[in-house]
Amino acid sequence: GAAPLAELPQVEDAEGAAWQANELRAKLLAKLEPLDSIDKLTVTEKTKHVSTLQRKLVRGTASNIPNFYMRIMPPHVTRGPTREADDRVRESFETIAQAGASPQAVRDNAWEQAQLPTCLAGGAYGGNARLGGAAYCASLIAVFKELRRACPLLHDADPSAEDA
């Protein structure tokens, strides 16, 4: 649970943020390495529903890996690494969709739609780089009451104020 936060201390200087982003990039890409094997799965006598399994693993697991980090680290740190994670998820998405022979514009359009939530006719794949700011803000808002209680400087703070 809390180990990744301890491994990636919060820093605000540019050099520290770059270090943090590089560490996060390495961690995310390492966690996505199993996609290489998942992409190579083929239909056999024992495994007939390979594309269903691939979709569930890529969409339900790999696409969600960056979420934890996006909630605990500021978007200026997570944006680059989560974009790279999204790019890797896109590779798997295109493999599942057998999109290799499609024109780039068609693949780009399919990926844009695939990143939408299912309630908007999307596939809920990736899209983390765009959501980093919202995820971080949601995390701060969720604990703001406790932060205000624990930190006297925030006692009179109003997170909904324009200058917040």
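Our structure is the block above this text.
Heads up: these notes are all about the structure in this document. (Residues numbered from 1 in each chain as written. Predicted model: local features only at pLDDT ≥ 70, side-chain atom pairs only at ≥ 80, totals over all residues. Heavy atoms only, no water.)

## A look at the packing of aromatic side chains
Two aromatic rings, taken as a pair, are described by how far apart their centres are and by the angle between their planes. Here the structure, examined in full by the defined rule, presents 3 aromatic pairs. Their ring planes at 85° and their centres at 5.2 Å tell us that phenylalanine 68 and tyrosine 69 sit as a pair that is edge-to-face. Of the aromatic side chains, those joined through ring pairs into one cluster are Phe93, Trp111 and Tyr125. (Phe/Tyr/Trp six-rings, centres within 6.5 Å; stacked < 30°, edge-to-face > 60°.)

## Side note on the environment of leucine 53
For leucine 53, the location among the structural elements is in helix H4 (residues 50-60). On the accessibility criterion, leucine 53 (42% relative accessible area) is partly exposed. Separated by 100 residues in the primary sequence, leucine 53 and leucine 153 have C-alpha atoms spaced 50 Å apart. (Helix = DSSP H or I, 4+ residues; strand = E, 2+ residues; numbered from the N terminus. Buried < 20%, exposed > 50% of the residue type's maximum accessible area, 1.4 Å probe, protein only.)

## Quick notes on the environment of glutamate 146
Turning to its location among the elements, glutamate 146 is positioned in helix H8 (residues 128-150). A relative accessible area of 43% places glutamate 146 in the partly exposed class. Along the sequence, glutamate 146 and aspartate 86 sit 60 residues apart, while their C-alpha atoms lie 33 Å from each other. Here the side chain of glutamate 146 touches arginine 149 through a polar contact of 2.4 Å, side chain to side chain. (Polar contact = N/O pair within 3.5 Å; in protein donor to acceptor, adjacent residues only side chain to side chain.)

## Digging into the layout of surface pockets
Empty space within the largest pocket amounts to approximately 190 Å³. Lining the largest pocket are 14 residues, with Gln115, Ala124, Gly126, Gly127 and Leu131 sitting closest to its centre. If you list the elements that add at least two residues to the lining of the largest pocket, you get helix H5 (67-72) and H8. Here the lining of the largest pocket takes 3 residues from H8, the largest share from any one element. For the lining of the largest pocket, the residue count by class is 5 nonpolar, 7 polar and 2 charged. As a volume, the second largest pocket reaches approximately 160 Å³. Lining the second largest pocket are Arg83, Asp86, Asp87, Arg90, Trp111, Glu112, Gln115, Gly127, Ala129 and Arg130. Broken down by element, the residue count for the lining of the second largest pocket peaks at 4 residues, all from helix H6 (residues 75-96). For the lining of the second largest pocket, the per-class residue count stands at 2 nonpolar, 2 polar and 6 charged. (1 Å grid on protein atoms, 1.4 Å probe; cavity = no way out; pocket = protein on both sides within 12 Å on 5 of 7 lines; lining within 4 Å. Points joined across faces, edges and corners; volume = space filled by probe spheres on them. Nonpolar A, V, L, I, M, F, W, Y, C, P; charged D, E, K, R; others polar.)

Purely geometric stuff here, so don't read any function into it on its own.
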